[in-house]
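Below, each chain spelled out in residue letters.
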2 protein chains.
Amino acid sequence: MARGNDMAKEVEWRIKVEEDDDTLQKTIVGCMWAVTAGLALKLCKFVKKAWEVGVNDPRKFIHCLKVGIALSAVSLFYYWKPLYDGVGGNAMWAVMTVVVVFEYTAGATICKTVNRMCGTSLAGFLGIGVHWVASRAGEQWEPVIAGVSVFLLASAATFSRFIPSLKARFDYGILIFILTFSLVSISGYRVDELLVMAQYRVCTIIIGSIMCIIVSVIIRPIWAGFELFVLVTGNLDKLANSLRCCVVQYFGGSEASEAESDEVSDKKLLGYKCVLSSKATEETMANFARWEPAHGRFNFRHPWRQYVKIGASMRSCASCLDALIGCINSDNQASDDMKKNMSSISMKVGANCASVIRELATTIRKMKKSSKLDILVTQMNSAAQELRSLLNSCPYLVNPPHNSKRSTRTETASPDDLAPKIEIPLMEIIQVVTVASLLIEIVARVEDIVENVEELSDLANFQPEMNVKSKQHTSDSKVSPDQQNDGEPVRTLQMV
Amino acid sequence: MARGNDMAKEVEWRIKVEEDDDTLQKTIVGCMWAVTAGLALKLCKFVKKAWEVGVNDPRKFIHCLKVGIALSAVSLFYYWKPLYDGVGGNAMWAVMTVVVVFEYTAGATICKTVNRMCGTSLAGFLGIGVHWVASRAGEQWEPVIAGVSVFLLASAATFSRFIPSLKARFDYGILIFILTFSLVSISGYRVDELLVMAQYRVCTIIIGSIMCIIVSVIIRPIWAGFELFVLVTGNLDKLANSLRCCVVQYFGGSEASEAESDEVSDKKLLGYKCVLSSKATEETMANFARWEPAHGRFNFRHPWRQYVKIGASMRSCASCLDALIGCINSDNQASDDMKKNMSSISMKVGANCASVIRELATTIRKMKKSSKLDILVTQMNSAAQELRSLLNSCPYLVNPPHNSKRSTRTETASPDDLAPKIEIPLMEIIQVVTVASLLIEIVARVEDIVENVEELSDLANFQPEMNVKSKQHTSDSKVSPDQQNDGEPVRTLQMV
């Protein structure tokens, strides 16, 4: 009985275990499916995001193919026997050079290759010299002399990387200098034919570098200078759009929002944020651009640093615009009367500023001194002056007396003229007043941009645009900012 | 005779040549001296500049010595025979790793070493796999398969470097992946003992990496996280100083400038520019900081990204301050009466904002929830509200009627009360009004910073400061901003 009982229990247990096994197995399989599906989903999302990055800027795909081509070309050192017999295992250095040195823009690639070649050569000579001295000093002293020289030179070279002027241009070269010097003078202790080895390495590095430069410059080159140029002109347009959009939204009210969907106008309004955040990119691009040879319309000594200055003055203007937009979005709503009074002149100031900024973008884009710029700046300044004199006569709008200043303007002549005095608290007009005041400040900062662009046009010898002047002069001076295209930069002149 | 004549001429010529030689020699020597002196002068200037860079931050000297120490330590692979017998020429990779990977902050070093180790190992495995497949395919197909795989993988990996999330963390790892994979699968065609070679290389790279981490973390470590922490708190202080300084200079007038020299106060006033330009540094530091282990008061998962957010809200506040300073420096000077009227409340708002910002800096510095912060924020808001109601009653200051709002304030009770109405143009008050309006906007933006700092204190589990509260509560709430130290951050609490 006892045994039968035991057996029954055992059978029961087995069934249970098998059942457990079954559930366990199912759970494991389920979990694995879930994990796989989760990973696959993540991977899909990632691939989609990556694809979007590439589709937004197809030059990124081209860059990747260029890296592949340069690597394949340099790998011939291994695959093609005559070449491999020439350099042997040192072919590795050519491959390494291509991988490490090939950058997105031609300027960055050239900067790195030149740095690498110079750093390697200089350190190679110095290392062989130190090795020669050390080897004369006898077996005992050789590692000491080599070790101490590596310690001192590496420390000094590392320190020089902290100096801003060297860091901007030769950071990579100094790193390679330390690397090569250490390798040559340390491994000199063990390697017999140091001179031959160093020679091969320098040769393969130079070959790899030259290959990088050729592929980078010949196949659809991406110039750092041109990128900087596009960035700055694009930012100018964005700033103009933001400024225009902000003024129109505030003073234009419902009319403006009907014309464009909210999303589009919000995107335009916030374009100035790109201006605020592009400092680092501008500086990097300007540093790389000066390594580039003449390309397109840019000659070798194009004043790239001036674009950084233009960028700085744009940011100063954008931060004022940021404050303006902040004030507009604050709780202190302005009285509609006051807003209506200021509306036409404020919109004129905003539109004129935007026109000037767009004209600056066009000037840089065409690399011709603009014939319209002076007129536009004058218009902007006179609009600002009008705004000032409107403000100057403003309390009289609320409490209107008979005043000589009134005669200069017509838009304020209203039936209020003979009405009793109306008093409104300052708080109701503070927003409009602040907007007006910031607009005047923005005009001053736009003039800074104008100055910087004019300096650029002098430094880069922009030619005046003669044809346009004679043909369009009469019509240009009559263009009122309100007639101009709201959102897009003025492109008509580009077709000339 | 003819001969004598010839001789005389020859002698004459010789003397002339000797004279010419003499002048030429003198000129050359002079030139060389001038060039040498010029170079020496330049070198002197350069060394002086470099020395200043180091003296300003002695940790830079220490970093250089650390690089020297790590290099010397790793060079033992060559100098110590048992070690060299173990790895042979592959010791080169340890030296290379140290030179390339050792960075200024511990976070950057760890990030690069981990990237290098992972990239090398992964690419090594994959490369050997591809080599195995290629070698099965026969002599003819081997280079084709290897070449195509290098082309495809290098292109794909290069593309992945464009994806922002990967670029921020694994940029260097992907570069090393491409490098190792290319080297392994290309050189596999020529090298016989690929597996052994790969093994040695991975080993030496790991040894070099570990040595870097040890030297970087043990000898006077420079933590990226701590640098970020110091940068953000320092920027908060600079912002507070600029704000206070700007308001005091504008409203305080001559009293303020007597207290401090122009240079000192100008430096304080322009401190906010550091805030505007530190975006890139903050982001780099935050990226490196998350690789760092727990150190000092920071644990491993300290919310470093939150500091970047705080930085962004500081920049938004700083750009408003930039607009404010621009308006103050503009031509539209305000009438003194109006300025005097607004002066005391505006200075209170400015001082309160500065106190709040300084308290935020102290909160972050001490990593304790501040007991004073709420009170200070309330004070700031009520000061802003006072400013608003002053503005609300402002036209009545010019044309004073009997108004119920007057009863809330005492400072406007003046003999004007019964005087006839005075009318002034809006232009004369526009600057003061704009300054007031921007101050109100700055208050709103300071509240953004407060929110972000409070989020940080929640994320990082800051403890409330109990002792200070019970001891200082009564006195704290009575501290008026005017009594506080003008320039320096409030450091009294730090001594607790």
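Residues numbered from 1 in each chain as written. Chains lettered and ligands numbered in written order. Predicted model: local features only at pLDDT ≥ 70, side-chain atom pairs only at ≥ 80, totals over all residues. Heavy atoms only, no water.

## Re the overall build of chain A
The cut-off we apply is this: Working definition: helices are DSSP H or I runs of at least four residues, strands are E runs of at least two. Numbering for both runs from the N terminus. A contact between two residues is defined here by any heavy atoms of the two lying within 4.5 Å. We get accessible surface area from the Shrake-Rupley algorithm with a probe of 1.4 Å; when it comes to residues, only the shown protein chains can shield them.
Counting its secondary structure elements, chain A contains 20 helices and two strands. A fraction of 80% describes how many contacts in chain A between residues 6 or more apart in sequence connect residues 24 or more apart. Accessible surface for chain A amounts to roughly 24500 Å². Of this, 61% is attributable to carbon and sulfur atoms.

## A short note on the packing of aromatic side chains
Just so we agree on the cut-off: A pair of Phe, Tyr and Trp rings is counted when the ring centres sit within 6.5 Å of each other, with Trp represented by its six-membered ring. The angle between the planes then sorts it: under 30 degrees is stacked, over 60 is edge-to-face, the rest tilted. For every residue, the accessible area (1.4 Å probe, protein chains only) is compared with the maximum for its type, and the residue is labelled buried under 20%, exposed over 50%, or partly exposed between those bounds.
One pass over the full model with this rule turns up 25 aromatic pairs over all chains. Each ring, one from B:F229 and one from B:F298, has its centre 5.1 Å from the other, and the planes form 70 degrees; the classification is edge-to-face. With B:F229 in helix α10 (residues 224–252) and B:F298 in the loop between α14 (279–289) and α15 (304–328), this residue pair connects regions lying 69 residues apart in the sequence. With respect to class, B:F229 is no different from B:F298; both count as buried. An aromatic cluster is defined as three or more aromatic residues linked by ring pairs; in this entry it consists of A:W51, A:F61, A:Y104, B:F159 and B:F162.

## Remarks on the environment of B:T105
Position of B:T105 relative to the elements: it lies in the loop between α5 (91–101) and α6 (106–136). Each C-alpha atom of the pair B:T105 and B:H63 lies 8.9 Å from the other, and the pair is 42 residues apart in sequence.

## A short note on the interface of chain A and chain B
Convention followed: Once two parts are brought into contact, the accessible area they lose, counted with a 1.4 Å probe and summed over both, makes up the buried area. Just to be clear on terms, a salt bridge is a Lys or Arg side-chain nitrogen sitting within 4 Å of an Asp or Glu carboxyl oxygen. Under the rule applied, a polar contact is a pair of N or O atoms within 3.5 Å (in protein, one hydrogen donor and one hydrogen acceptor; residues adjacent in sequence only if both atoms are side-chain atoms). Amino acids are sorted into nonpolar (Ala, Val, Leu, Ile, Met, Phe, Trp, Tyr, Cys and Pro), charged (Asp, Glu, Lys and Arg) and polar (every other residue, Gly among them).
Contact with chain A, which involves 87 residues of that partner, is made by 87 residues of chain B. Contact with chain B buries area across many residues of chain A, yet A:Y79, A:R190 and A:L426 alone supply 10% of it, more than any other trio. Our enumeration of links across chain A and chain B arrives at two salt bridges. The partner of B:D322 in a salt bridge is A:R445, with the nearest N and O atoms 2.7 Å apart. Linking chain A to chain B there are eight residue pairs in polar contact (both at pLDDT 80 or more). Class assignment of the residues belonging to the side of chain A that touches chain B gives a composition of 53 nonpolar, 22 polar and twelve charged.

## Examining the relation of the copies chain A and chain B
Counted only if it meets this: The atoms used to superpose the copies are C-alpha atoms, taken from residues with pLDDT of at least 70 in both, and the fit is least squares.
Superposition record for chain A on chain B: RMSD 0.2 Å, screw rotation 180 degrees, translation along axis 0.0 Å. Expressed as a symmetry operation, the mapping of one chain copy onto the other fits a two-fold axis. Counting the interface residues of chain A, we find that 100% of their copies in chain B are interface residues as well, pointing to one common contact surface.

## Topic: the pattern of salt bridges
Inspection of the entire model under this criterion finds 26 salt bridges over all chains. For the salt bridge of A:R59 with A:E227, the shortest nitrogen-to-oxygen distance reads 2.6 Å. Pair noted here: A:R59 is in helix α2 (residues 59–74) and A:E227 is in helix α10 (residues 224–252), with a separation of 168 residues, a long-range link. Judged by relative accessible area, which is 27%, A:R59 ranks as partly exposed. The salt bridge partner of B:R59 is B:D57, with a shortest N-O separation of 3.1 Å. With relative accessibility at 17%, the residue B:D57 sits in the buried group.

## So, the UniProt feature "transmembrane region" (unreviewed entry) in chain A
Residues and elements named next belong to chain A. Threshold: UniProt positions are given in the numbering used here, feature names are shortened, and annotations may be inferred rather than shown by experiment.
The UniProt record marks residues 61–80, 92–110, 140–160, 172–191 and 197–219 with the feature "transmembrane region" (unreviewed entry), using the residue numbering of this structure. A distance of 21 Å separates the end C-alpha atoms of residues 92–110, which is 79% helix and 0% strand. Between the end C-alpha atoms of residues 197–219 the distance is 33 Å, and the span holds 96% helix and 0% strand.

## Some remarks on the confidence of the model for chain A
When pLDDT is low, close inspection of the predicted coordinates is not appropriate. Residue and element names in this part refer to chain A. Stated formally: A residue's pLDDT is the confidence the predictor assigns to it, expressed on a 0 to 100 scale.
Within chain A, residue pLDDT values average 81, and 81% of them lie at 70 or more. Confidence over residues 396–418 falls short of pLDDT 50; this stretch has 26 contacts with residues more than four positions distant or in other chains. Note that residues 468–496 has pLDDT below 50 and, in this model, 38 contacts with residues that lie over four places away or in other chains. Prediction confidence for the complex, expressed as pTM and ipTM, is 0.81 and 0.81 respectively.

## Focus on α15(B)
Think of an α-helix as 3.6 residues a turn; residues three or four steps apart then line up on the same face. For the record, the criterion: Expected span, for any helix, means 1.5 Å times one less than how many residues it has.
In this model α15(B) runs 36 Å from its N-terminal to its C-terminal C-alpha over 25 residues, within 8% of the 36 Å that 1.5 Å per residue would give. Most of α15(B) is tucked away: 21 of the 25 residues are buried.

## Focus on unusual backbone geometry
For A:R220, which is not glycine, the phi dihedral falls at a positive 40 degrees. Tracing the backbone shows A:R220 in the loop between α9 (194–218) and α10. Its identity is not glycine, yet B:N461 carries a phi of approximately 55 degrees, on the positive side. Structurally, B:N461 is set in the loop between α19 (430–459) and β2 (463–464).

## A look at α5(B)
Summarising burial for α5(B): eleven of the eleven residues are buried, a large majority. All of the buried residues in α5(B) are B:A91, B:M92, B:W93, B:A94, B:V95, B:M96, B:T97, B:V98, B:V99, B:V100 and B:V101.

## Observations regarding the domain arrangement of chain A
Residues and elements named next belong to chain A. Condition: Residue ranges assigned to each domain were obtained from an automatic or database domain assignment.
We note that the domain assignment places domain 1 (57–216) and domain 2 (222–395 + 425–460) within chain A. Domain 1 puts 14 residues into the contact, and the matching count from domain 2 is eleven residues. Around 1100 Å² of area is buried between domain 1 and domain 2 when both sides are counted, 67% of it from carbon and sulfur atoms. Its largest share of buried area at the contact with domain 2, domain 1 owes to R59, T105 and R169, together 33% of the area lost on that side.

## Section: the environment of B:D448
Residue and element names in this part refer to chain B. When you line up the elements, D448 lands in helix α19. Among the residues examined, D448 registers a relative accessible area of 38% and is labelled partly exposed. Remark: the alpha-carbon pair of D448 and M314, spanning 134 residues in sequence, is separated by 8.5 Å.

## Let's talk about the side chain of B:T113
All names here are of chain B. The topology assignment puts T113 in helix α6. We classify T113 as buried; its relative accessible area is 0%. At 2.8 Å, the side chain of T113 forms a polar contact with the backbone oxygen of I110. Apart from residues no more than four positions distant in its own chain, T113 is found in contact with V101, S209, C212 and I213.

## Here we look at the packing of helix α14 (residues 279–289) of chain A against helix α15 (residues 304–328) of chain A
Relative orientation and spacing of two packed helices are given, respectively, by the angle between their axes and the distance between those axes. All names here are of chain A. What counts here: Interaxial angle, 0 to 180 degrees, is taken between N-to-C directions of lines fitted to C-alpha atoms, where a helix line uses only the stretch in contact. Throughout this description, any angle smaller than 35 degrees is read as roughly parallel, any larger than 145 degrees as roughly antiparallel, any in the 65 to 115 degree range as roughly perpendicular, and the remainder as oblique.
Running from N to C, α14 and α15 cross one another at 170 degrees; their axes reach a closest spacing of 8 Å. With respect to each other, α14 and α15 are oriented roughly antiparallel. Residues K279, E282, E283, A286, N287 and A289 of α14 form the contact with α15, whose participating residues are W304, R305, Y307, V308, G311 and R315. Of the residues belonging to the contact of α14 with α15, the class tally is five nonpolar, two polar and five charged.

## Describing the nonpolar core
To be explicit about the condition: We call a set of buried Ala, Val, Leu, Ile, Met, Phe, Trp, Tyr and Cys residues a nonpolar core when their side-chain atoms join them within 4.5 Å.
Core analysis: the biggest nonpolar cluster contains 150 residues, and A:L239 and B:L239 have the highest contact counts within it. Residues contacting A:L239, with those up to four places away along its chain left out, are A:Y272, A:V275, A:M314, A:C317, A:A318, A:L321, A:I357 and A:I449. Residues A:V95, A:F159, B:V87 and B:I186 belong to the second largest nonpolar core, which totals 88 residues.

## Comments concerning a nonpolar patch on the surface
All names here are of chain A. So the rule is basically this: The patches described consist of residues with a relative accessible area above 30% and no salt bridge, like charges being joined within 9 Å and nonpolar side chains (Val, Leu, Ile, Met, Phe, Trp, Tyr) within 5 Å.
Residues L65, I69, I210, I214, I218 and I219 make up a contiguous nonpolar surface patch of about 510 Å² in total accessible area. If you list the elements that add at least two residues to the nonpolar patch, you get α2 and α9. Sorting elements by how many residues they give to the nonpolar patch places α9 first, with three residues. For I214, a relative accessible area of 45% translates into the label partly exposed.

## Digging into the packing of helix α16 (residues 336–366) of chain A against helix α19 (residues 430–459) of chain A
Residue and element names in this part refer to chain A. Counted only if it meets this: In a left-handed crossing the near helix is turned counterclockwise from the far helix by less than a right angle, and in a right-handed crossing that turn is clockwise.
Packing of α16 against α19 leaves a shortest axis separation of 10 Å and a crossing angle of 15 degrees. Between α16 and α19, the angle is such that the two are roughly parallel. Once α16 is placed against α19, the crossing between them reads as left-handed. Side by side, α16 and α19 meet where M338, K339, M342, S346, V349, C353, V356, I357, L360, T363 and I364 of the first sit next to V432, A436, L439, I442, V443, V446, I449, V450, V453 and L456 of the second. Residue classes in the contact of α16 with α19 are distributed as 18 nonpolar, two polar and one charged.

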